[in-house]
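Working through the structure, step by step
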Amino acid sequence: ATAPRRADAWGKEGHIMVCKIVERYLSEDAAAAVQDLLPESAGGELSTMCPWADTMRFRYHWASPLHYANTPNVCNFNFSHAKEVG
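As the structure is a prediction and not an experimental result, all values here were calculated from the model.

Now for the overall build of the chain. In terms of helices and strands, the chain carries 4 helices and 0 strands. Taken from the N to the C terminus, the helices and strands of the chain come in the order α-α-α-α. For the chain, buried positions account for 15% of its 86 residues. The long-range share in the chain, meaning contacts at least 24 apart out of those at least 6 apart in sequence, stands at 42%.

Written out as structure tokens, the structure is:
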């Protein structure tokens, strides 16, 4: 039997692509809030910050569980709760 190959679910490029898509769906108020929160080094581009969570979870292993919302065996993620927390 062959060992399964390692797979990166998103990777840097995947996070950047998703951010570029999401930016198009932000309301004007949300887009303005994002711009206010971005550091100067982002150059006004949310997508430059999207791989940040991956960088942090590999650099600081304790942060790994904070990187995503895990919903094992179910697909009923409580989005309203995530909005309250975020």
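Anyway, onward from the coordinates.
We now examine the confidence of the model for the chain. Averaged over all residues, the pLDDT of the chain equals 79, while 67% of them reach at least 70. Within the chain, helix α2 (residues 28-37) carries the highest mean pLDDT (95), whereas helix α4 (residues 79-85) carries the lowest (50). Under a pLDDT of 50 for its full length, residues 82-86 has, in the predicted model, 1 contact with residues more than four places off or in other chains.

Its 13 residues give helix α1 (residues 11-23) an end-to-end C-alpha distance of 19 Å, which sits within 8% of 18 Å, the value for a rise of 1.5 Å per residue. Of all the residues in α1, the buried ones are Gly14, His15 and Cys19. The arc that holds every buried residue of α1, seen down its axis, measures 130°, which confines them to one face. Along α1, the residues that are exposed and aim more than 90 degrees away from the buried face are Glu13, Met17 and Ile21. In this structure, the buried side of α1 is in contact with α3 (52-59).

Listed in full, the 6 residues of the largest apolar core are Cys19, Val34, Leu38, Ala42, Leu46 and Cys50. With sequence-adjacent residues up to four places away left out, cysteine 50 is seen in contact with His15, Ile16 and Cys19.

Here we come to the packing of aromatic side chains. Enumeration according to the criterion identifies 1 aromatic pair in this entry. A ring pair is formed by tyrosine 60 and tryptophan 62, whose centres lie 6.4 Å apart and whose planes are at 45°; its orientation type is tilted.

This brings us to the side chain of serine 47. Along the chain, the position of serine 47 falls in the loop between α2 and α3. Sequence-distant contacts of serine 47, defined by excluding residues within four places in its chain, comprise Ile16, Cys19, Lys20 and Glu23.

We now examine the state of the cysteines. As enumerated under the stated definition, the model contains 1 disulfide in all. Here cysteine 19 pairs with cysteine 50 through a disulfide, and the sulfurs are 1.5 Å apart. Residues cysteine 19 and cysteine 50 are joined by a disulfide whose S-S torsion is about -105°; by sign, that bridge is left-handed. Placement of the pair is cysteine 19 in helix α1 and cysteine 50 in the loop between α2 and α3, with a sequence separation of 31 residues. For cysteine 19, a relative accessible area of 13% translates into the label buried. Taking the relative accessible area as the measure of exposure, cysteine 50 reaches 13% and is therefore buried.

What counts and how
- Residues numbered from 1 in each chain as written.
- Predicted model: local features only at pLDDT ≥ 70, side-chain atom pairs only at ≥ 80, totals over all residues.
- Heavy atoms only, no water.
- Helix = DSSP H or I, 4+ residues; strand = E, 2+ residues; numbered from the N terminus.
- Buried < 20%, exposed > 50% of the residue type's maximum accessible area, 1.4 Å probe, protein only.
- Contact = heavy atoms within 4.5 Å.
- pLDDT = per-residue confidence, 0-100.
- Expected span 1.5 Å × (residues − 1).
- Arc of directions from axis to C-beta.
- Core = buried A, V, L, I, M, F, W, Y, C linked by side-chain atoms within 4.5 Å.
- Phe/Tyr/Trp six-rings, centres within 6.5 Å; stacked < 30°, edge-to-face > 60°.
- Disulfide = S-S within 2.5 Å.

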